[in-house]
Amino acid sequence: MFSKILIANRGEIAVRIIKTCRRMGIKTVQVYSEADAGSLAVEMADEAVLIGPAPAAQSYLLADRIVEAVRQTGAEAVHPGFGFLSENAGFARRLRDEGIAFIGPNPEAIEAMGDKISSKKLAAEAGVSTVPGHMGLIETPEEAVTIAREIGYPVMIKASAGGGGKGIRVAHSDADMAEGFAAVKAEALNAFGDDRVFLEKFIVDPRHIEIQVLGDKHGHVVHLFERECSIQRRNQKVIEEAPSPLLDETTRAAMGAQAVALAQAVNYDSAGTVEFVAGQDKSFYFLEMNTRLQVEHPVTELITGVDLVEQMIRSAWGETLAFEQKDLKIDGWAIESRIYAEDPYRGFLPSIGRLVRYEQPEEGEQNGYVVRNDSGVREGDEISMFYDPMIAKLCAWGETRAAAVEGMARALEDTHLSGLGHNVPFLAAVMDQDRFKSGELSTSYIKDEFPDGFHGLRPTQQQERILIATAMAMHEVIAEQDGDPSDRTDWIVMIAQGPGAGTPHGVELSYDADEEMILTLTGGGDIRLSEIDWRPGLAQFRAELDDEPFTAEVKRTADGFDIRHRAARVRVRVLRPHVAELYARLPEKVAPDTSKLVLSPMPGLVVSIPVVVGQEVKTGETVAVIEAMKMQNILKAERDGVVKAVGAKDGDPVAADDVLVEFG
């Protein structure tokens, strides 16, 4: 077995690989850019080598630097993780030529499957169902429009060398096609160094289901069942689960067999994923093959008990698979939530900066579920604009899907981050939705369920009880610590989700023989609050409400508390009855008018501002293009108007809410 492996990646996947190597008794070398000098992966590895400045094109994407680090440290193999050089056939071939093991598939398999156009042709030859489309290269927007009309809208524009949700647009018209074609080519060139583009029919209301395959160098290939990855935003997976709630045993077996047949057709070894687009009627079509470890691999590990990183290492060493297809079984259900540094309340825009607080849920077996948290950052770390804004992959396993969903919701409750925007409230909202719980998923789920963006959810009746109890308990703890406890038993708790005083709830406070808090709600029965774990300064309030544990995120304010339970975020005030009457008379704040301003939705770089002062602009016309986190964001006019001022120029760095264009 290898004695030392170099990890040519960063962040949580580097940490993930180090953990398996430690268990196997293998030493690790971590390469890092200047931006990652103080990272968790660098701290955990046995050795670390600086390979360049922060931009990936000057560090993690430079094969010469990686090979130099291998020679410098005496590593015998390279694990590329995912992204960067993980699907670069030239890199894999160079390592092989230099006698360095590549912990991934052979370069010929990468080459065959890495190009999205040739891979579809190979899939069809191997008997795999494929989506109708145009597999040849397309050079101009005019040619793209002509082909799209032949296929029939809607049509998906995809980068041939794409992956990770980048380099993809859906066009519903000729205008969409012309604009999207240029945007995809630009993104593809920037992210992959390859601007080739192809088109395929967009399946309406589709699901994204993928099959995990695993092979060795002796011709053996198995599949480890499926993952459902339909909850996506901008073609980027957000929530994944295994198995899929759509599939039956017959469809599962058919998809698995096709995935294995494709892998065998290209002599595939190591871990890989065959992705399918599936209809609600269980029809399925080949999408692409990812010749690497997937971000969402933990859910497969949780339901099969197979360590995929370990199997990749053993395959690269030349070992035969230690199990056959008949030995693999699905055990329970697992869900993964990708926690990103992005602000769901601002259209999921990237939110870079320092992770001031990061409290993670306890891993391992909990009350009816199991938690796993793959994270590459710690409290105090910087989320850089140079890389994907992922903070962690939070996973929950349960014996049933319902248990896994509830376990995930509880694990999200126990996650606290501050210092930057994050999507934990949104992830919690999905877990609480009846549609998600039913398993009726599609890749348009987020667009369907949150058509006007995410603004949180209104508290349910049970959540109102949690919010009232939390505020009352905090109010009493603070009064006790301040040496000013009140003998008052009658209170008004006001819950406001926006401007204004909010909804009043009458509460009678008492304690039982065990000194547990009893709250009697006007017209709502009693609440018993026990096992209270909170003191002033803590950002999380933990307790049991009627013997059911919960966690709320809390912050003390001048006149009350900001409390978030899952997706419900509110201001709660505990008031004497006569004070509550005065609050009810306060006027609501009026939001400032920004309708004539086009603001930068995120920190980034201005790619272009194609308007000038005095120009008449129509609704829907592009007024600015901002690049952040390797994605181009096109900003369009929301109404007709005349440009009064332009606040930035091409190439300028901008912060969130900087004025880009002002209309008269």
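Coordinates for the structure precede this section.
Below: a short report on this structure. Worth saying up front: this structure is predicted, and the values here are computed from it rather than measured.

Quick look at the environment of Glu379 now. Within the secondary structure layout, Glu379 lies in the loop between β21 (370-375) and β22 (382-383). In this structure Glu379 comes out as partly exposed when scored by relative accessible area, which is 44%. C-alpha separation for the pair Glu379 and Gly74, spaced 305 residues apart in sequence, amounts to 33 Å. With residues up to four places along the chain from it excluded, the contact list for Glu379 reads Leu355, Val356, Arg357 and Tyr358.

Quick look at the pairing of strand β10 (residues 207-215) now. Taken residue by residue, a regular strand's side chains alternate between the two faces of the sheet. Within β10, nine of the nine residues are buried, which leaves it mostly tucked inside the rest of the structure. Side chains Arg207, Ile209, Ile211, Val213 and Gly215 of β10 all project onto a buried face; the interleaved residues His208, Glu210, Gln212 and Leu214 project onto the opposite face, where all are buried too. Relative to strand β13 (residues 270-278), β10 runs antiparallel, the two being bridged by nine bridges. Residue His208 lies in a different strand from β13, and its bridge partner there is Val277. Examined bridge by bridge, β10 and strand β11 (residues 221-233) share six bridges and lie antiparallel to one another. Residue pairing for β11: Ile209 is matched across the bridge by Glu228. Where β10 hands over to β11, the hairpin turn is made up of five residues, of which Gly219 adopts a positive phi near 90 degrees.

For the rest of this paragraph, the subject is the packing of helix α3 (residues 63-73) against helix α4 (residues 89-97). Running from N to C, α3 and α4 cross one another at 30 degrees; their axes reach a closest spacing of 11 Å. As the angle between them shows, α3 and α4 are arranged roughly parallel. Two packed elements cross with a definite hand, and for α3 against α4 that hand is right-handed. In this structure, α3 contributes Ala63, Asp64, Ile66 and Val67 to the contact, and α4 contributes Phe91, Arg94 and Leu95.

Bringing the packing of helix α1 (residues 11-24) against helix α11 (residues 308-317) into the picture now. Their axes nearest at 9 Å, the elements α1 and α11 cross at an angle of 65 degrees. Relative to α11, α1 is oriented roughly perpendicular. Crossing angle aside, the handedness with which α1 passes α11 is right-handed. Side by side, α1 and α11 meet where Arg16, Ile17, Thr20, Cys21, Arg23 and Met24 of the first sit next to Leu308, Val309, Glu310, Ile313 and Arg314 of the second.

Another aspect to go through is the state of the cysteines. Tallied over the full model, the rule gives zero disulfides. Here Cys21 is not disulfide-linked; the sulfur of Cys395 is the nearest cysteine sulfur, at 19 Å. Residue classification places Cys21 among the buried positions, given a relative accessible area of 0%. Cys395 provides the cysteine sulfur closest to Cys229, a residue in no disulfide bond, and the two sulfurs are 12 Å apart. Assessed through its relative accessible area of 0%, Cys229 is described here as buried.

Omega for the bond connecting Tyr153 with Pro154 falls within 30 degrees of zero, at 0 degrees, which places this linkage in the cis form. Tracing the sequence through the fold places Pro154 in the loop between α7 (141-151) and β7 (155-163). Look at the link from Ala242 to Pro243: it is a cis peptide, with omega at -5 degrees. Note that Pro243 resides in the loop between β12 (236-242) and α9 (249-265). One non-glycine residue, Ser270, lies in positive phi territory at about 80 degrees. Phi is positive for Asp657, which is not a glycine, with a value near 75 degrees. Locating Asp657 in the fold gives a position in the loop between β39 (653-654) and β40 (659-663). Since its relative accessible area comes to 41%, Asp657 is described here as partly exposed.

On to the sheet that holds strand β36 (residues 622-628), then. One open sheet accounts for four strands, arranged β37-β36-β34-β39; its pairing is antiparallel. Sheet topology places β37 (631-636) and β39 at the edges, where each strand pairs with a single neighbour. Taken strand by strand, helix α8 (residues 174-192) contacts β36 and β37, and its axis lies near 150 degrees from that of β37.

Looking at chain direction, strand β28 (residues 525-533) and strand β29 (residues 540-545) are connected through three bridges and run antiparallel. If you follow Leu529 over to β29, its bridge partner there is Leu545. Here β28 folds back onto β29, and the loop between the two strands holds six residues, one of which, Gly537, carries a positive phi near 105 degrees. Across six bridges, β29 lies against strand β30 (residues 548-557) in antiparallel orientation. Residue pairing across strands places Ala543 opposite Phe550, the latter belonging to β30. Hairpin connection from β29 to β30: two residues lie between these consecutive antiparallel strands, with Asp546 at a positive phi of about 50 degrees.

Let's shift gears to the sheet that holds β40. Across the sheet, four strands lie side by side as β33-β40-β38-β35; this open sheet has antiparallel pairing. Where the open sheet ends on each side, the last strands, each with one partner, are β33 (597-599) and β35 (616-617). In the sheet, β33 pairs with β40 via three bridges, with the strands oriented antiparallel. When the bridges of β40 are listed, Val598 appears paired with Val661.

For the rest of this paragraph, the subject is the pattern of salt bridges. Under the counting rule described, the total for this entry stands at 62 salt bridges. Between Arg354 and Glu382 there is a salt bridge, with its nearest N and O atoms 2.9 Å apart. Placement of Arg354 in strand β18 (residues 353-354) and of Glu382 in strand β22 is noted, with a sequence separation of 28 residues between them. Judged by its relative accessible area of 44%, Arg354 falls in the partly exposed class. We classify Glu382 as partly exposed; its relative accessible area is 45%. Overlapping salt bridges bring together Arg16, Arg23, Glu301, Asp307, Glu310, Arg314, Glu319, Arg372 and Asp374 as one network.

Let us look at the nonpolar core. Counting residues in hydrophobic clusters, the biggest one holds 40 residues, and the most contacted among them are Ile239, Ile335, Ile391, Phe426, Met431 and Phe436. Mapped onto this core, the elements with two or more residues apiece are β12, β15 (333-340), β23 (390-398), α12 (401-413), α13 (424-432) and α15 (445-449). Each residue touching Ile391, except ones within four places of it in the same chain, is listed here: Ile339, Tyr340, Ala341, Leu355, Tyr358, Ser375, Gly376, Val377, Ile383, Leu417 and Leu420.

Mapped onto the secondary structure, Arg564 falls in strand β31 (residues 560-565). Here the side chain of Arg564 touches Arg566 through a polar contact of 2.8 Å, landing on its backbone oxygen. Not counting residues up to four positions away in its chain, the partners in contact with Arg564 are Thr415, His422, Val424, Pro425, Ala552, Glu553 and Arg569.

About the criteria used
Residues numbered from 1 in each chain as written. Predicted model: local features only at pLDDT ≥ 70, side-chain atom pairs only at ≥ 80, totals over all residues. Heavy atoms only, no water. Helix = DSSP H or I, 4+ residues; strand = E, 2+ residues; numbered from the N terminus. Buried < 20%, exposed > 50% of the residue type's maximum accessible area, 1.4 Å probe, protein only. Contact = heavy atoms within 4.5 Å. Pairing = 2+ DSSP bridges. Axes fitted to C-alpha atoms, helices over the stretch in contact; angles between N-to-C directions. Parallel < 35°, antiparallel > 145°, perpendicular 65-115°, else oblique. Left-handed = near helix turned anticlockwise from the far one by under 90°. Disulfide = S-S within 2.5 Å. Salt bridge = Lys/Arg side-chain N within 4 Å of Asp/Glu carboxyl O. Core = buried A, V, L, I, M, F, W, Y, C linked by side-chain atoms within 4.5 Å. Polar contact = N/O pair within 3.5 Å; in protein donor to acceptor, adjacent residues only side chain to side chain.

Coordinates in, geometry out; function isn't part of it.
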